[in-house]
Amino acid sequence: MKHLALGQSNLTASRVGLGAWVMGGGSVWGPNPDDRESIRAIHAALDAGVNLIDTAPVYGFGRSEEVVGKAIKGRRRQVVLATKCGLWWDDERGSFFKEFDGRPLRRCLRPETIRLEVDRSLARLGTDHIDLYQTHVPAAAPDLTPIADTMACLLELKTQGKIRAIGVSNVSLAELQENCACGQVASNQFRYSILFREPEEDILPYCAQRRIATLTYMSLEQGLLTGKVGLDRAFASGEFRNDTAWNPWFIPANRKRILDLLGGWKDLTDKYACTLAQLVLAWTAAQPGVTHVLAGCRTPAQVQENLQAAALTIEAPDLERMRLEVMALGPPLPE
Ligand SMILES: NC(=O)c1ccc[n+]([C@@H]2O[C@H](COP(=O)([O-])OP(=O)(O)OC[C@H]3O[C@@H](n4cnc5c(N)ncnc54)[C@H](OP(=O)(O)O)[C@@H]3O)[C@@H](O)[C@H]2O)c1
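Predicted model, so just to flag it, every value in this text is computed and none were measured.

### Topic: the overall build of the protein
Broken down by element type, the protein carries 11 helices and 13 strands. Over its C-alpha atoms the protein spans a radius of gyration of 19 Å, differing by no more than 12% from the 20 Å that the globule rule assigns to 335 residues. Referenced to the eigenvectors of the C-alpha coordinate spread, the extents of the protein come out at roughly 55 × 40 × 40 Å. By the burial criterion, 46% of the 335 residues in the protein qualify as buried. Look at the contacts in the protein between residues 6 or more apart in sequence, and 75% of them connect residues 24 or more apart.

### Let's talk about the site of the ligand
Lining the immediate surroundings of the ligand are 27 residues, of which Gly19, Trp21, Tyr217, Gly223 and Gly296 lie closest. Looking at the shell around the ligand, the elements that each hand over two or more residues are strand E13 (292–296) and helix H10 (300–307). Tallied by class, the residues present in the shell around the ligand amount to 10 nonpolar, 12 polar and 5 charged.

### A closer look at the sheet that holds strand E10 (residues 163–169)
Spatially, 8 strands are ordered E3-E4-E5-E9-E10-E11-E12-E13 in a closed barrel, and the strand pairing comes out parallel. Taken pair by pair, the neighbouring strands of this sheet meet at an average axis angle of 30°, ignoring direction. Both strand E11 (residues 187–191) and strand E12 (residues 213–217) contribute to a ladder of 5 bridges, which runs parallel. Within the sheet, the bridge partner assigned to Arg191 lies in E12 and is Tyr217. In this fold helix H9 (residues 276–285) packs onto strand E3 (16–19), E12 and E13, with an angle of close to 150° to the strand it touches most, E13.

### Some words on the sheet that holds strand E8 (residues 103–107)
In space, the 3 strands of this open sheet follow the order E6-E8-E7, with antiparallel pairing throughout. The sheet is open, and its two edges are formed by strand E6 (87–88) and strand E7 (95–100), each paired on a single side. By the bridge criterion, 2 bridges tie E6 to E8 in an arrangement that is antiparallel. Within E8, the position partnered with Leu87 by the bridge is Arg107.

Criteria and cut-off values
- Residues numbered from 1 in each chain as written.
- Predicted model: local features only at pLDDT ≥ 70, side-chain atom pairs only at ≥ 80, totals over all residues.
- Helix = DSSP H or I, 4+ residues; strand = E, 2+ residues; numbered from the N terminus.
- Rg over C-alpha atoms; globule rule 2.2 N^0.38 Å.
- Buried ≥ 20, exposed ≤ 12 C-beta atoms within 10 Å, placed from the backbone.
- Contact = placed C-beta atoms within 7 Å.
- Near = placed C-beta within 6 Å.
- Nonpolar A, V, L, I, M, F, W, Y, C, P; charged D, E, K, R; others polar.
- Pairing = 2+ DSSP bridges.
- Axes fitted to C-alpha atoms, helices over the stretch in contact; angles between N-to-C directions.

The following block contains the structure:
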């Protein structure tokens, strides 16, 4: 497994990281995950040299962090443990974000709630420090905590040794620049896949120029780009993948277009002796500015498949061909 510096921090993290959102379960991810299987998946990752594990308090309202905590017990030193703060559901502090899995979720990056959140995460994760502590989403009006106040709090947590490095997620370029002006930002986490390439416009070049690590998420488009989500796969109501307003690529007509596109890459999977998931993750990792690719996994088999993408080098003409073919597909069709 290849490892790369996590920005300008002292940490080095695997090129493919394990995303632990699905391990939190909840209606958004369909049937309840089996915690023992989740732990086996995390162990499979660690055994193969994946050290970057990404979770968040909101993933299953604490469950994902607890499962990760159980899995890394006795193996803490092998892990670059990444979690987040800023999505709050305890009380009325913060600005309403959305209903999430039956609870009102609020965006809150007040220092006072971050201090509570970090201690709760440390307890759930069973550790005395978090390697990478990321703001999950930026604060928003009306409870718009100034970025300088949030960063001052995070820098204080770093001085206290509770966290080792600071990261951000889902920020605009202007917000990222403001964070950087207040202190060292090791990483930026955002949605990026061969289907969703908006960060190429500004975020990826900026991060490359400033040596900020990038952690891409949904790079498999929640499984769609593995080619294994056939037209017969049904998602329960309340699941993301059923919320086609949110991700219209899951509408059957669009799914079919994706499956046809992926089917046309058979010569590429043959050439590189790889699976579609590996091809797509390797494409993502090869793009300028991308340092780390998160892959959400439910099972050891998914982990073992996905992590091999780190060892796969796709030749430049093939990278370009994949991009052009996705661009030719155009946007998803409305329902
Ligand atoms: N900062 C943020 O706001 C944010 C937002 C989203 C995600 N994230 C992070 O990024 C991570 C990755 O994103 P994600 O989990 O949403 O999406 P993803 O990695 O694109 O997709 C993960 C899902 O794809 C399926 N899958 C994965 N590997 C597979 C394989 N080899 N074969 C078949 N199916 C496979 C699994 O679902 P099934 O088995 O159910 O099909 C899995 O749960 C998350 O876990 C989280 O840590 C962060």
